[in-house]
Every structure is written in C-alpha cells, then in structure tokens.
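What the coordinates show
For reference, the chains in residue letters:
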Amino acid sequence: MEQNACVSCGHINSKGTAFCASCGLPLEKESAEQKSLLNMRYEGSARRSQTQNKTVVDKVWNFFSSVKVGVTLIFITLVASAIGTIFPQEMYIPPTVDPAQHYEDQYGIFGQVYYQLGFHNLYSSWWYMILIAMIGISIVIASIDRVVPLYKALKNQKPTRHQNFMRRQRLFSETETVTSEEKQQLVERLRKLRYRVTEENGHVLAEKGRFSRWGPYVNHVGLIVFLLGALLRFVPFMYIDDYVWVREGETVVVPSTEQKYYVKNEDFIVETYDERDERYKESLAKQGVVPSNFQTNAIVYENTNADIPGAEPELEALKEDSIKVNHPLKFDGFALYQSNYQLNEFKSMTFRVHRTDDSEEKALGTFKIDLMNPESEYELDNGFRVVIDQYFPEYYMNDGEPRSQSKYPKNPAFVFFVYPPNETEPEVSFAAIGRNVPSGDNEYKVGIEEFEMRDVTGLTVKRDYTIPFIALGGLIFMIGVIQGMYWHHRRIWIHPTGTGLLVAGHTNKNYYGVKKDIGKIIEGTNINMVEDQQEIKK
C-alpha cells in the first residue's frame, strides 16, 4: 500500500488517509476546499476497500464491503420473503396431497409458477440460504473494512493536534487572551462533567462515550449470530421439522431419529363445543361442529438396539403424556406437536362371497382385509379363492376410470378375482362403500360384511437447537442499538496558542449536547463560545 508522510510531524500515513493520525494535519493538496470541515468518519483513516483494487481478492473484498451491495442483497431477500407469503408454504398444506398438483388446483397458473420457482419451500431453499449467507459475508467484510481503521485511530487519540485540524472542526472558537487560571478551570469542569481528560504539553483532550462508536458493529455481530442461526437450520442435527401419521393402537418410528425413538398412539380424543351453550349457540349454528380440543394420548419408546444394524427393535417406555395443541410432548431435545387428525379412517373390512341371485345375500364364505397391509390372495374355507387385482385406498372416478387420491384408506375400493371351487377362470367383481358390482353374468359376487374404523393423529416432529443462536443474536443486536442510540462519542480539544486558546468539539451525533457542555465549562470566563461552522457555511 502506498504511504504519505506528514509534512508537519513526519508521521507515515497510509494512502487515502484524510489527515495525519499523529498530529491531525489535513493531508490533501491545497485547494479551495482546504477550508471545508474535516471528514471525521472513521477518524479520517483509509479503508482497505478504498486503497487496494488489484487482485481478485481485492475485488471480492471491495464488492462485499459496499453498503449498496449489502442493502441490495437485503432488499432482494425481503422481496423474496414477501413473495413467499402470497401462498401457504408446503409445510402448511395437507401432507397427503401432491404439492405440484395442490398449488395448481388451488391457485391456478400462478400457483403452478409459484411451485416451479421453488417459492413453496422458500425458507429452506438453497438459493434463499445463499442470499442469507451473502448478507452475512457482506456484514462481516463491511464491518472489518471499517472497524479496523476506526480502532487504530481511536486507540491513538492524542491531545496535541495541528491548528488546521482544530479550525476545521464543526464546533470551533478562538480566544486571543486566556489566563492559566481560566484554562485550569476548563479542565476541572470537564472532569466534573465526567469527561476523561488527557493533557500533553498544555494541550488537552477531553473525551467520553467512546464505547458508543462500537454500537453499529455490535449490531453487526448480533446480525451475524442471527444469520448463523438461520443457516444452521440446514444442518439436520441442529434443526428437524418432520411429520408423522399415527393410527390408534399403532406404534411407529419417530422420523429423523434414526429409529432410536418410537411413538404409540394409545387414544385420540376430539371434544367439540356444546351446541346447547348459549355462548356458542349462534356461532355454531353458522359454522357447524367446531373442535374445542383434540389430543393424542401417546407413549414414547426408546429403542435400545438402535446402535446395532439390522437388530430387531427393543423398546423401553421413555415418556407417556397427552399431546395437545401448543402443549407438545418433549423428550431428548425432540418435541411432538399436535398438528392434524383424520377421523374414522377404515382399519379393516370383512367381505362375504354370495350368489348373485340370492336376495338374502347369504354368505358362502368370508375374508377380512387389513386395509394398511392387504394380502394379495385369500383362501376361503369352502374352497373359494379371492385375489385382489386392484386396490384404491381413497377411491374416486376420473374420466370413467377408478383412481386413488392417496395411499390412506379413507374410501377403499377393490377389484376382485373370484375363483369358485375347482374353477380356473375367475369372475371379476368390484366392491366399494355402497357399491358391489359383478362383471357380466357372474354367478357370485363380493359384498361388504362389516368394517372397523379408527382415528389417525398427525404429529409434527421438531428439534430446534438454533433458537439460542437466534435469541442471542437478537439480544446482541438490541445491545448495539441501545449502545449507539443513547450514548454519543464526545470530544473537546483545547489548544494553547501563546496567550490565546483554540477550542474545538466533535461528536458522532447530537452536536447540541457537546455545545451545551462547552457552554458550561466556559461559563464565567473570557473564552469565546464555539460556533457551529456548518451553519455559518450554509
């Protein structure tokens, strides 16, 4: 880096420095602007981004150190975040539906474009995380680019300053004749106002509130910690947000726990508001049945064989509790939240085979199908054999063809091949709720004998170790806001000139307060009150 030597004191300053770090003499060439106020931002020190622009590293550094770049990145992120709120995120749509089909069906062409552009999973998408990371990089580089020269300059504050430095401060006054008693009075009054006073060969620097200069950089640290917490949500160990359906009486593995934990749905309970209650009668007449509470009585098990590959699960009860809305069941850093439910899902169906010409539909044989795990073939005691040709768990018709909306047995339907005793050619029969249709001139057909139903609970599985980072980032940010908002870095220089005195003052904000302090210390003396040179130039 090129360097400049001060013509007054000989101190070597980096190129781009506005005034000498030792004596304060302005280093720019003589010009009409020589009498303008000094640029005290970063104490006149040169920033790396303003002095180096040769290598690729320099160019990357200069790009991210720009405030305009940082603001642009934040603006793009805010716009993307706003677009992400137009339609619900994928986590809020029914987990049993196809997201691509759902957004197109619900929101038309806009929903389709919304899905294709990845806004349905915006806050966990790779490009959104890259934006967050770039904002973090910009904050780090911009902070280092500014805080290093500022730290060096503030660390080397000296009472002795060149007259040109004094005259080009915003608050300045010159008095031709001052007694030593008056000067000493100024110093004593400055100490009473809690200024830290440093003297050097008759020159005085009074300073207080320097720590407030670090407020913006404390803000930046808080933001970086906050953004780190957001990025850590990409790490499975730090953040898990999964979903599981559990049927009554069923024990299933808790997702994202590597089969270490299982949950059993002991009972699912739904309570509704009483229609006879006068408080709710009018509303319920309009809205219909409204749940007042739905909860899952659950048991969490720990698999003690989870570390043994291929071993059968060996479950030990870990915790038993009820899961209600906003009252999760917590264990080992995980939490199970009550999110959804499905009432009256079919569990099993018992079918009978009977003759088509039998008006009483007397059963020639029966068989029972587990709707979550149906067998492909059933042998009846009387010699009949029934083969499941097609199974539609949630049956509906589409262009005259049977289809299934999901894999869950909400409206089951079957196409059966029925083999009578000693027959090799089957008869085809279609059976569903309210429909038992034989194919052609069948001698036999299949009908529903009875069925079992059960409730299903939908649980959200969460583990979030990023909350402490986010909370700590927010706390640090607020400390920085308070630090920079309620305190100001005030400095008053006193420069003797033979029998006279120069007085100058500077602050990063609230010049009225510094001017008021100077008025207090010169009260009752012959020292002239400082003038605001910025107002004079206007």
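Here's what I pulled together on the structure shown here.

Points about the overall build of the chain
When its secondary structure is counted, the chain shows 12 helices and 24 strands. The C-alpha atoms of the chain give 39 Å as radius of gyration, which overshoots the globular expectation for 538 residues (24 Å, by more than 25%). Across the 538 residues in the chain, those meeting the buried criterion constitute 41%. Counting only contacts in the chain whose residues sit at least 6 apart along the sequence, the fraction spanning at least 24 positions is 62%. Counting every atom, the chain has about 30,200 Å² of accessible surface; 52% of that belongs to carbon and sulfur. Averaging the locations of the 59 positively and 69 negatively charged side chains of the chain gives two centres separated by 21 Å.

Side note on the pairing of strand β8 (residues 261-272)
Direction of pairing for strand β7 (residues 251-253) relative to β8: antiparallel, over a ladder of three bridges. When the bridges of β8 are listed, Val-253 appears paired with Tyr-262. Pairing between β8 and strand β9 (residues 291-303): 11 bridges, direction antiparallel. Bridge pairing in β9 places Ile-269 opposite Gln-295.

Comments concerning the sheet that holds strand β23 (residues 500-507)
Spatially, the six strands line up as an open sheet ordered β4-β5-β22-β23-β3-β24, and their pairing is antiparallel. Strands with a single pairing partner mark the edges of an open sheet, and in this sheet they are β4 (196-200) and β24 (531-532). Where strand β3 (residues 171-175) meets β24, two bridges bridge the pair, whose relative direction is antiparallel. Opposite Leu-171, over in β24, you have Asp-532 as the bridge partner. Along the sheet, helix α11 (residues 511-521) makes contact with β3, β5 (203-208), β22 (490-497), β23 and β24, crossing β23 at roughly 150°.

Looking at the state of the cysteines
For the coordinates displayed, the defined rule picks out zero disulfides. Residue Cys-9 stays outside any disulfide, its sulfur separated by 3.5 Å from that of Cys-20, the closest cysteine. Note on Cys-20: relative accessible area 0%, which makes it buried.

Definitions and limits used
- Residues numbered from 1 in each chain as written.
- Predicted model: local features only at pLDDT ≥ 70, side-chain atom pairs only at ≥ 80, totals over all residues.
- Heavy atoms only, no water.
- Helix = DSSP H or I, 4+ residues; strand = E, 2+ residues; numbered from the N terminus.
- Rg over C-alpha atoms; globule rule 2.2 N^0.38 Å.
- Buried < 20%, exposed > 50% of the residue type's maximum accessible area, 1.4 Å probe, protein only.
- Contact = heavy atoms within 4.5 Å.
- Areas by Shrake-Rupley, 256 points an atom, 1.4 Å probe, with all protein chains shown as cover.
- Lys, Arg positive; Asp, Glu negative; His and termini not counted.
- Charge placed at Lys NZ, Arg CZ, Asp CG, Glu CD.
- Pairing = 2+ DSSP bridges.
- Axes fitted to C-alpha atoms, helices over the stretch in contact; angles between N-to-C directions.
- Disulfide = S-S within 2.5 Å.

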